[in-house]
Amino acid sequence: MSDWPVQTTDKIVRAVDTVRSNTSDRLVSVARWLVYGLLAAFMGLTALVLVAIGLVRLVVVYVENVRGVDHARAVWIAEAGLGAIFVLFGMLAWLRRTARK
């Protein structure tokens, strides 16, 4: 009979641990995935923008130096060409999409 305070305390501790593991531990896990996912998306989008800027500059330098075109026309050619490539990739992605059920 003298063990009942220890047993009661153990039951309360187990109940609190169960509730915590079913609520806050899962919420912390979801929050981590959300934060890391948003961070990865932001970094990926930033990298994509920087790559696009680098490609435009690379094409401009190529068109100016190799083809002998003036700067304004070279920029126009680079942006139009890379824009067309992005549009083609977008059209390809649009054609490969699946319908929601």
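Quick note: structure is the one above.
Now for a look at the structure at hand.

**Considerations on helix 3 (residues 71–95)**
Phase 1: For helix 3, spanning 25 residues, the distance from its first C-alpha to its last is 36 Å, which sits close to the expected 36 Å at 1.5 Å a residue.
Phase 2: Looking only at helix 3, the buried set comprises Ala74, Ala78 and Leu82.
Phase 3: On the buried face of helix 3, the contacting elements are helix 2 (24–67).

**Some remarks on the pattern of salt bridges**
Should the charged atoms of two oppositely charged side chains come close, the side chains can pair.
Phase 1: For the coordinates displayed, the defined rule picks out one salt bridge.
Phase 2: Arg20 is paired through a salt bridge with Asp17; the nearest N and O atoms lie 3.7 Å apart. Pair noted here: Arg20 and Asp17 are both in helix 1 (residues 4–22), with a separation of three residues, about one helical turn.
Phase 3: Judged by its relative accessible area of 44%, Arg20 falls in the partly exposed class.

**Describing the packing of helix 2 against helix 3**
Phase 1: Their axes nearest at 8 Å, the elements helix 2 and helix 3 cross at an angle of 135°. Regarding the angle of helix 2 to helix 3, the classification is oblique. The chirality of how helix 2 crosses helix 3 is right-handed. Here helix 2 contributes Ala52, Leu55, Val56, Val59, Val60, Val63 and Glu64 to the contact with helix 3, which in turn contributes His71, Ala74, Val75, Ile77, Ala78, Glu79, Leu82 and Phe86.
Phase 2: Across the contact of helix 2 with helix 3, the residue classes tally to twelve nonpolar, one polar and two charged.

**Description of the packing of aromatic side chains**
Phase 1: Counted under the stated rule, the structure contains zero aromatic pairs.
Phase 2: The side chain of Arg97 reaches across the aromatic face of Trp94, ending 4.2 Å from its centre.

Here is what the cut-offs are and how they apply
- All residue numbers refer to positions counted from 1 along the written sequence of the respective chain.
- The predicted nature of this model means local features are confined to residues of pLDDT at least 70 and side-chain atom pairs, given and counted, to a pLDDT of 80 or more, with totals for whole chains, interfaces and linings taken over all residues.
- Side-chain numbers come from the whole structure's heavy atoms, not from hydrogens or water.
- Working definition: helices are DSSP H or I runs of at least four residues, strands are E runs of at least two. Numbering for both runs from the N terminus.
- A helix is expected to span 1.5 Å for every residue after the first.
- For the exposure calls, accessible area comes from a 1.4 Å probe over protein chains only, and a residue counts as buried if that area is under 20% of its type's maximum, exposed if over 50%, partly exposed in between.
- Only heavy atoms matter for contacts: two residues are in contact if any of them lie within 4.5 Å across the pair.
- Salt bridges are defined as contacts in which a side-chain nitrogen from Lys or Arg sits within 4 Å of a carboxyl oxygen from Asp or Glu.
- The axes used here are C-alpha line fits, helices contributing only the stretch in contact, and every angle between their N-to-C directions lies in the interval 0 to 180 degrees.
- For classification purposes, an angle smaller than 35 degrees is called roughly parallel, one larger than 145 roughly antiparallel, one from 65 to 115 roughly perpendicular, and anything else oblique.
- Left-handed is the label given to a crossing in which the near helix is rotated counterclockwise from the far helix by less than a right angle, and right-handed is the label when the rotation is clockwise.
- Classes in brief: Ala, Val, Leu, Ile, Met, Phe, Trp, Tyr, Cys and Pro nonpolar; Asp, Glu, Lys and Arg charged; the others, Gly included, polar.
- Pairing of aromatic rings covers Phe, Tyr and the six-membered ring of Trp, with a centre-to-centre limit of 6.5 Å; geometry is then stacked below 30 degrees between planes, edge-to-face above 60, and tilted otherwise.
- Look at NZ for Lys and CZ for Arg. If either is within 6 Å of the ring centre and within 35 degrees of the ring normal, a charge sits over the ring.

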